[in-house]
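Chain and residue survey
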There are 4 protein chains.
Amino acid sequence: GVSFDEALLLRELQRRRPGQSKVVSGRNESDQPTVLSGVFEGKTLGTPIAIIVKNQDAKSEDYKEIQYQARLGHADDVWKQKFGHVDYRGGGRASGRETVARVMAGAVAQMLVRALVPEIQVMGFASQIGPFELSDKDIQNLLNSNFESQMIDQYSSRFPGVEHKKVEELLVGAKTEGQSIGGTIEIWIKNSPSGLGQPVFHKIKSDFAQAFMSIGATSGFEMGDGQSATQKEGAKYHGEQEADYGGVRGGITTGEMIKMRGFFKPTSSILDVAKKGRHDPCIVPRAIPVVEAMIWIVLANHLLWKRLDQL
Amino acid sequence: GVSFDEALLLRELQRRRPGQSKVVSGRNESDQPTVLSGVFEGKTLGTPIAIIVKNQDAKSEDYKEIQYQARLGHADDVWKQKFGHVDYRGGGRASGRETVARVMAGAVAQMLVRALVPEIQVMGFASQIGPFELSDKDIQNLLNSNFESQMIDQYSSRFPGVEHKKVEELLVGAKTEGQSIGGTIEIWIKNSPSGLGQPVFHKIKSDFAQAFMSIGATSGFEMGDGQSATQKEGAKYHGEQEADYGGVRGGITTGEMIKMRGFFKPTSSILDVAKKGRHDPCIVPRAIPVVEAMIWIVLANHLLWKRLDQL
Amino acid sequence: GVSFDEALLLRELQRRRPGQSKVVSGRNESDQPTVLSGVFEGKTLGTPIAIIVKNQDAKSEDYKEIQYQARLGHADDVWKQKFGHVDYRGGGRASGRETVARVMAGAVAQMLVRALVPEIQVMGFASQIGPFELSDKDIQNLLNSNFESQMIDQYSSRFPGVEHKKVEELLVGAKTEGQSIGGTIEIWIKNSPSGLGQPVFHKIKSDFAQAFMSIGATSGFEMGDGQSATQKEGAKYHGEQEADYGGVRGGITTGEMIKMRGFFKPTSSILDVAKKGRHDPCIVPRAIPVVEAMIWIVLANHLLWKRLDQL
Amino acid sequence: GVSFDEALLLRELQRRRPGQSKVVSGRNESDQPTVLSGVFEGKTLGTPIAIIVKNQDAKSEDYKEIQYQARLGHADDVWKQKFGHVDYRGGGRASGRETVARVMAGAVAQMLVRALVPEIQVMGFASQIGPFELSDKDIQNLLNSNFESQMIDQYSSRFPGVEHKKVEELLVGAKTEGQSIGGTIEIWIKNSPSGLGQPVFHKIKSDFAQAFMSIGATSGFEMGDGQSATQKEGAKYHGEQEADYGGVRGGITTGEMIKMRGFFKPTSSILDVAKKGRHDPCIVPRAIPVVEAMIWIVLANHLLWKRLDQL
């Protein structure tokens, strides 16, 4: 019974698509989804929703050489050893291409969550790319914003700070040189209901961490103050409201703003002559809709779970 | 058919126990386990293993006042709102007391993993407590060690560095003053089999992250180089073996040493006159066997999963 | 938040207990439960409910000989081959003793279901034991009854028919001679909500069948008209309301009375001199509370599931 | 790494297809599968296998009237009430059309099982259709056969008995008149490995029962002697090898031949002028490959599960 918002689905796919700007991979995929099942007369049926997106710009020949030679930093060889039989074209499930499916699932989860909690807002952005970090003033501007992802999407790098031009230059340069760069994604959730999260093994911070770390090239995850909390003195931290628990206490949302951060290594698709212009110099801009998708999925799960909390 | 190593179970419980040293909570719990089922003639049966530990030093009266007043930084109130009916004595499942069960489950998982991979070693230690951090030399000593947790346990703070005396003084002082301190736990796994980890949603880094973040007071998790990888240039990072992927590529173990770090906030049980001397000034020393337990559980799951990889 | 009805728990255990009458095993077990967790001030907490019942009249020596010799019709040997290491005392998980746990879980499920649907009633009875079957008149009396299991429990055989005395004589005789007898349990559910059951793989008839067939010594299961429906002509069957679909259509409850039947083989614990008087001549009377327990569990699952049906 | 036997997939779909003979629905669906993922160079990758089959002969207009009027004996109305929003064209997931997916999944499961246990054979057949039942001599012939389903498929009714002509006449007549008939499917599994089945809740008989009863129009399931075992005296039954446990003891396969039976009601698609010639007079012939598919799926699950039995 959820209204199926096809425009939302298309928009999210568009945000993840390669070729969307000069700071990302130039591979040309239109990523047009076809809904095969589960939707009827504009609403979900409760039956499985199957959506397919076909590859258009994959050239299997490009990957021929990989058949014989594992790529530096890539998972090709561990994968091959593990499963015995692998599809060497594009890394199979180890490829970033699998995140198309995450974005589609996330879009559907988003439709459900918005149907249940219309006021909720999820906003992801790059808080750091290589040597550049958002300033306190940048952060303040974001806090005062209307929390719409369109605002972030104005920046091709999705780095919503005064230094965004420098970041874009850095990325264009890296793309030209076949270099790669790491970065940090920050996610804020506004107007989350309280009471999301299950005790012990499915604390919501635990599920957010798993969801984030299931994405390729991730190297760490923080909730609220993250690592910096380890340096604080408890009496002051907890007592004087200095603490930012990230909107979660005891593993359960409090209704306050949820804040988390995730780290990405520099991508390993570098120095790769055969694929010139087809690699992402930094995965962060295109990873933002992917991370948001995972967040929507976790929120949807926990909203359903919450229906079982009380009699 | 796994040999049930009761000494191992007792040792792990002892490592987690309050009252084990002057730097931890003085609450006196002997934490003696009773095995109710699943073990026969010294070996597991494959049937569920039930083990109980009874509370001895819990004084329900101590918690009477909490019934009416939620504790600062604690989850009592979010919990109450969520479930309607809660056990106000000691925080229920929001209490650190639930980690006894994790340590017991982890001990059993450890028995299974050691039966399958006798050479594997898991070593957790405090790499940072408040302002103190292990030096490069400390780390080097650990790398040259035999990776036995007994070596770490020599230090009541489980901070295996030259500054350990200072750390212990800090903790004793904080305990006296009702202050609390955060810190970092680092876990190394030596001689892990390669090929552990499942694609997409159960990458091993994803499951480690979830397992860690399911523990109370955690605020972040890193695999390998973690956040610091975001600052690296890919060409150099991946090309010159500068990278420490943490023993995991494509979400799958490579057989190299696995390295991860987890962050703990300062505990919220502070300033709490009624419980003087019964709080942990820093949760890190006692959390180490808990974190290790979760790691053993993830390893056990993935070793079983690996049995399904190939025909 | 469910009221924990300890009297209900005790009553259900009592109904399953050996030694309750002369037509069942004389083994003397009081089956006193101890609630270890999950209940506080008379209500469930949402945390796991642990309840233990200790064996009292098990004499391990009785089973010594089985160590060397598998019992006729028993699963001892298949079990041993499968798991390598088994507990030969009493058949382990292959023993009917494991159904104590089912009855306890079923009692808790019953508390939940009754809290959500106070008017629901589940009534199981023996509709056939050996050569004796309930007559149409017996069935009519049951349909006119108040559907309380106490009414069934008046009969030690739980065969609520005019021939119940003969059935009891048959059972007493079989017990004396070390003979065993099969039978049929029929379960009726009155005032079930409509809409229970999930499409395709968790139709409610499918889950009832699994729940029933997971009990030892079961050999078949029928919903509504069962096998007899195979003999009907559809036009008449569906058109003239002759059909008894068992309260389920398309795998989903309709709100009409649910009817199902389950078959039990004669028990295999026969001719077993060492255990004279300690075997059940027919498992049906004591299996009734076990089957009902499984039904309550399925109902509880599906009632929770139903909370996810619509927005 | 499993060889993907596309011919097997096509053959199984062909066996289920409407329009395959004059005794089944004349609806014309070619049921051509397209493999979208999970197979590479003729072998499975371990990644999800997606296969689609498109409807060709569905005329949505045919179902227009159902939009306003629920069909007799059909689940349309319970479904509608449960989910609020349904696809009225063809019954959605309540339609027999969903069994195409079961047959495809079963074919893949069959490929896996045959790769692990090449000698295993699963043979399903109609043992009863309306008033006709296989004779003892028919059964004896089957026991002496080579257990190939081709042998069964010679008969359009899949009733492999001397009276098969009469059965076919009955079905053709019923089809013409818009009448429907019930029946019984029997499944035999030869050369099953021993040790399949898990204790307590996933006994293999329990999983077979669930798998069978998840199919539409089923009304009962029997293992081995089924209901007839309820009439036997245990001493004779177990002692003199009279018993046919159906190849399962204690819920675990013994390696002996597995035997089970499932009951089907007369289909409810009757008297339905608009769909003249497009209904199945008896679902049994076309249900046989569906039931077999479910059996292969259960076998595949339990073969994988068995890998976890011992160290």
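Just so it is clear, the structure is predicted and the values come from calculations on it, not from any experiment. (Residues numbered from 1 in each chain as written. Chains lettered and ligands numbered in written order. Predicted model: local features only at pLDDT ≥ 70, side-chain atom pairs only at ≥ 80, totals over all residues. Heavy atoms only, no water.)

1. Quick look at the overall build of chain A
- Helix and strand content of chain A: nine helices and eleven strands.
- Considering chain A as a whole, with its 311 residues, one finds that 60% of them fall into the buried category.
- In chain A, 74% of the contacts between residues at least 6 apart in sequence involve partners at least 24 apart.
- Accessible area for chain A stands at about 12,100 Å²; split by element, carbon and sulfur atoms hold 49% of it. (Helix = DSSP H or I, 4+ residues; strand = E, 2+ residues; numbered from the N terminus. Buried < 20%, exposed > 50% of the residue type's maximum accessible area, 1.4 Å probe, protein only. Contact = heavy atoms within 4.5 Å. Areas by Shrake-Rupley, 256 points an atom, 1.4 Å probe, with all protein chains shown as cover.)

2. Examining the relation of the copies chain C and chain D
- In screw terms, the move from chain C to chain D is a rotation of 180° and a rise of 0.0 Å along the axis, fitting with an RMSD of 0.0 Å. Given the turn and translation reported, the copies of this chain are related as if by a two-fold rotation axis. (Least-squares fit on C-alpha atoms with pLDDT ≥ 70 in both.)

3. Comments concerning the environment of C:Gln121
Residue and element names in this part refer to chain C.
- With respect to the element layout, Gln-121 can be found in strand 5 (residues 121–129).
- The class of Gln-121 is buried, set by a relative accessible area of 16%.
- Sequence spacing of Gln-121 and Phe-147 is 26 residues, and the spatial spacing of their C-alpha atoms is 6.7 Å.
- With residues up to four places along the chain from it excluded, the contact list for Gln-121 reads Asn-146, Phe-147, Glu-148, Trp-188, Ile-189, Lys-190 and Asn-191.
- A polar atom in the side chain of Gln-121 sits 2.9 Å from the backbone oxygen of Asn-146. (Polar contact = N/O pair within 3.5 Å; in protein donor to acceptor, adjacent residues only side chain to side chain.)

4. Description of the relation of the copies chain B and chain A
- Once turned by 180° and shifted 0.0 Å along the axis, chain B lies on chain A with an RMSD of 0.0 Å.
- When the interface residues of chain B are mapped onto chain A, 100% of them are again interface residues, pointing to one common binding face.

5. Some remarks on a nonpolar patch on the surface
- A cluster of nonpolar side chains, B:Trp305, B:Leu308, D:Trp305 and D:Leu308, forms an exposed patch at the surface whose accessible area comes to about 310 Å².
- Position of D:Trp305 relative to the elements: it lies in helix 9 (residues 284–306). (Patch = residues over 30% accessible without salt bridge, like charges linked within 9 Å, V, L, I, M, F, W, Y side chains within 5 Å. Salt bridge = Lys/Arg side-chain N within 4 Å of Asp/Glu carboxyl O.)

6. Quick notes on the sheet that holds strand 6 (residues 132–133) of chain A
- Strand order in the open sheet formed by ten strands is 6(A)-5(A)-7(A)-11(A)-8(A)-8(B)-11(B)-7(B)-5(B)-6(B), with antiparallel pairing between adjacent strands. Where the open sheet ends on each side, the last strands, each with one partner, are strand 6 of chain A together with strand 6 (132–133) of chain B.
- The pairing of strand 8 (residues 218–223) of chain B with strand 11 (residues 258–264) of chain B spans five bridges and is antiparallel. Each bridged residue has a counterpart across the sheet, and for B:Thr218 the counterpart in strand 11 of chain B is B:Phe264. (Pairing = 2+ DSSP bridges.)

7. Description of the interface of chain B and chain A
- Counting residues at the interface gives 79 residues for chain B, matched by 79 residues for chain A.
- Summed over both partners, the interface of chain B with chain A buries about 6,100 Å², with 55% contributed by carbon and sulfur atoms.
- Taken together, the connections running from chain B to chain A amount to two salt bridges.
- Applying the counting criterion to the chain B and chain A interface returns 42 residue pairs in polar contact (both at pLDDT 80 or more).
- Elements with a minimum of two residues in the side of chain B that touches chain A: helix 2 (76–83), strand 7 (183–190), helix 7 (204–213), strand 8, helix 8 (234–239), strand 10 (252–253), strand 11 and helix 9 (284–306) of chain B.
- Along the lines of polarity and charge, the residues of the side of chain B that touches chain A split into 27 nonpolar, 36 polar and 16 charged. (Buried area = accessible area lost by both parts, 1.4 Å probe. Nonpolar A, V, L, I, M, F, W, Y, C, P; charged D, E, K, R; others polar.)

8. Some thoughts on the nonpolar core
- C:Ile189, C:Phe208, C:Leu299, D:Ile189, D:Phe208 and D:Leu299 are the most contacted members of the largest nonpolar core, which has 134 residues in total.
- The contact partners of C:Leu299, leaving out residues within four places of it in the chain, are C:Val113, C:Ile120, C:Val122, C:Ile189, C:Leu196 and C:Phe208.
- In terms of nonpolar packing, the next biggest core, distinct from the first, is built from 133 residues, A:Leu171, A:Met294, B:Ile120 and B:Leu196 among them. (Core = buried A, V, L, I, M, F, W, Y, C linked by side-chain atoms within 4.5 Å.)

9. Brief notes about the packing of aromatic side chains
- This model, assessed by the stated rule, comprises 24 aromatic pairs over all chains.
- Seen from their ring centres, B:Phe147 and B:Trp188 are 5.9 Å apart, and the 40° between their planes marks the pair as tilted. With B:Phe147 in the loop between helix 4 (136–144) and helix 5 (149–153) and B:Trp188 in strand 7, this pair connects stretches of sequence that are 41 residues apart.
- With relative accessibility at 3%, the residue B:Phe147 sits in the buried group.
- Centre to centre, the rings of C:Trp79 and C:Phe83 are 5.9 Å apart; their planes meet at 55°, and the pair counts as tilted. Here C:Phe83 and C:Trp79 lie together in helix 2 (residues 76–83), a separation of four residues that amounts to about one turn.
- The class of C:Trp79 is buried, set by a relative accessible area of 7%.
- Its relative accessible area of 9% is what places C:Phe83 among the buried residues.
- Three or more aromatic residues link up through ring pairs in this structure, and these residues are A:Phe125, A:Phe147 and A:Trp188.
- Here the guanidinium or amino end of A:Lys82 rests over the ring plane of A:Phe83, the centre of that ring lying 5.5 Å away. (Phe/Tyr/Trp six-rings, centres within 6.5 Å; stacked < 30°, edge-to-face > 60°. Lys NZ or Arg CZ within 6 Å of the ring centre and 35° of its normal.)

10. Quick notes on the sheet that holds strand 6 (residues 132–133) of chain C
- If you trace the ten strands from one edge of the open sheet to the other, you get 6(C)-5(C)-7(C)-11(C)-8(C)-8(D)-11(D)-7(D)-5(D)-6(D), paired in antiparallel fashion. One side of each edge strand has no neighbouring strand; the edge strands of this open sheet are strand 6 of chain C together with strand 6 (132–133) of chain D.
- Pairing of strand 5 of chain C with strand 6 of chain C involves two bridges; the strand directions are antiparallel. Bridged to C:Ile129 within strand 6 of chain C is C:Phe132.

11. Quick notes on the interface of chain C and chain D
- Contacts between the two partners involve 80 residues from chain C, matched on the other side by 80 residues from chain D.
- Both faces considered, chain C and chain D share a buried interface measuring about 6,100 Å² in area, 55% of it formed by carbon and sulfur atoms.
- At the boundary of chain C with chain D, the tally comes to two salt bridges.
- Ionic pairing is found between C:Asp309 and D:Lys82, a salt bridge with its closest N-O pair at 2.7 Å.
- Put simply, chain C and chain D have 43 residue pairs in polar contact (both at pLDDT 80 or more) between them.

12. Things to note about the pattern of salt bridges
- A complete count under the given rule lists 56 salt bridges over all chains for this structure.
- With its nearest N and O atoms 2.8 Å apart, the salt bridge here joins A:Glu222 to A:Arg261. Here A:Arg261 lies in strand 11 (residues 258–264) and A:Glu222 lies in strand 8 (residues 218–223), a separation of 39 residues in the sequence.
- The partner of C:Arg286 in a salt bridge is C:Asp280, with the nearest N and O atoms 2.7 Å apart.

13. Some remarks on the packing of helix 7 (residues 204–213) of chain D against helix 9 of chain D
All names here are of chain D.
- One way to put it is that helix 7 packs onto helix 9 with a least axis distance of 9 Å and a crossing angle of 145°. Relative to helix 9, the crossing made by helix 7 is right-handed. Counting all contacts with helix 7, which are made through Ile-204, Asp-207, Phe-208, Ala-211 and Phe-212, the residues of helix 9 involved are Val-291, Met-294, Ile-295, Val-298, Leu-299, His-302 and Trp-305.
- Of the residues that constitute the contact of helix 7 with helix 9, the class distribution is ten nonpolar, one polar and one charged. (Axes fitted to C-alpha atoms, helices over the stretch in contact; angles between N-to-C directions. Left-handed = near helix turned anticlockwise from the far one by under 90°.)

14. Looking at helix 6 (residues 164–177) of chain B
All names here are of chain B.
- Given a rise of 1.5 Å per residue, 14 residues ought to cover 20 Å, and the 20 Å separating the end C-alpha atoms of helix 6 matches this to within 8%.
- Listed in full, the buried residues belonging to helix 6 are His-164, Val-167, Glu-168, Leu-171, Ala-174 and Lys-175. Buried residues along helix 6 cover an arc of 125° about the axis, so they all sit on one side. Set apart from the buried face of helix 6 by more than 90 degrees, the exposed residues are Lys-165, Glu-169, Thr-176 and Glu-177.
- Where helix 6 is buried, its residues contact strand 5 (121–129), strand 6 and helix 9.
- Gly-178 sits one or two positions beyond helix 6 and adopts a positive phi of about 70°. (Expected span 1.5 Å × (residues − 1). Arc of directions from axis to C-beta.)

15. Some points on the side chain of B:Glu186
Residues and elements named next belong to chain B.
- Looking at the element boundaries, Glu-186 is found in strand 7.
- Notably, Glu-186 is buried but unbridged: the nearest opposite-charge side chain belongs to Arg-261, and the N-O separation is 4.6 Å.
- Among the polar contacts listed, one links the side chain of Glu-186 to the side chain of Trp-188, at a separation of 3.0 Å.
- Ignoring sequence-local partners within four residues, the contact set of Glu-186 consists of Met-123, Gly-124, Phe-125, Ser-127, Met-260 and Arg-261. (Lys, Arg positive; Asp, Glu negative; His and termini not counted.)

16. Topic: the packing of helix 7 (residues 204–213) of chain A against helix 7 of chain B
- Interhelical geometry of helix 7 of chain A versus helix 7 of chain B gives an angle of 165° and a closest axis separation of 8 Å. Relative to helix 7 of chain B, the element helix 7 of chain A lies roughly antiparallel. In this structure, helix 7 of chain A meets helix 7 of chain B at a crossing whose hand is right-handed. Here helix 7 of chain A contributes A:Lys205, A:Ser206, A:Asp207, A:Ala209, A:Gln210 and A:Met213 to the contact with helix 7 of chain B, which in turn contributes B:Lys205, B:Ser206, B:Asp207, B:Ala209, B:Gln210 and B:Met213.
- A class-by-class count of the residues in the contact of helix 7 of chain A with helix 7 of chain B yields four nonpolar, four polar and four charged. (Parallel < 35°, antiparallel > 145°, perpendicular 65-115°, else oblique.)

17. Observations regarding the confidence of the model for chain A
- Summarising the model, chain A shows a mean pLDDT of 90, and 89% of its residues fall at 70 or more.
- The complex model carries a pTM of 0.95, and its ipTM stands at 0.94. (pLDDT = per-residue confidence, 0-100.)

18. A look at the pairing of strand 7 (residues 183–190) of chain A
All names here are of chain A.
- Burial of strand 7 is extensive: seven of the eight residues sit out of reach of the surface.
- Relative to strand 7, strand 5 (residues 121–129) runs antiparallel, the two being bridged by eight bridges. The partner of Ala-126 across the bridge, within strand 7, is Ile-185.
- Strand direction decides the pairing type here: strand 7 and strand 11, joined by seven bridges, are antiparallel. Bridging across to strand 11, Ile-189 finds its partner in Ile-258.

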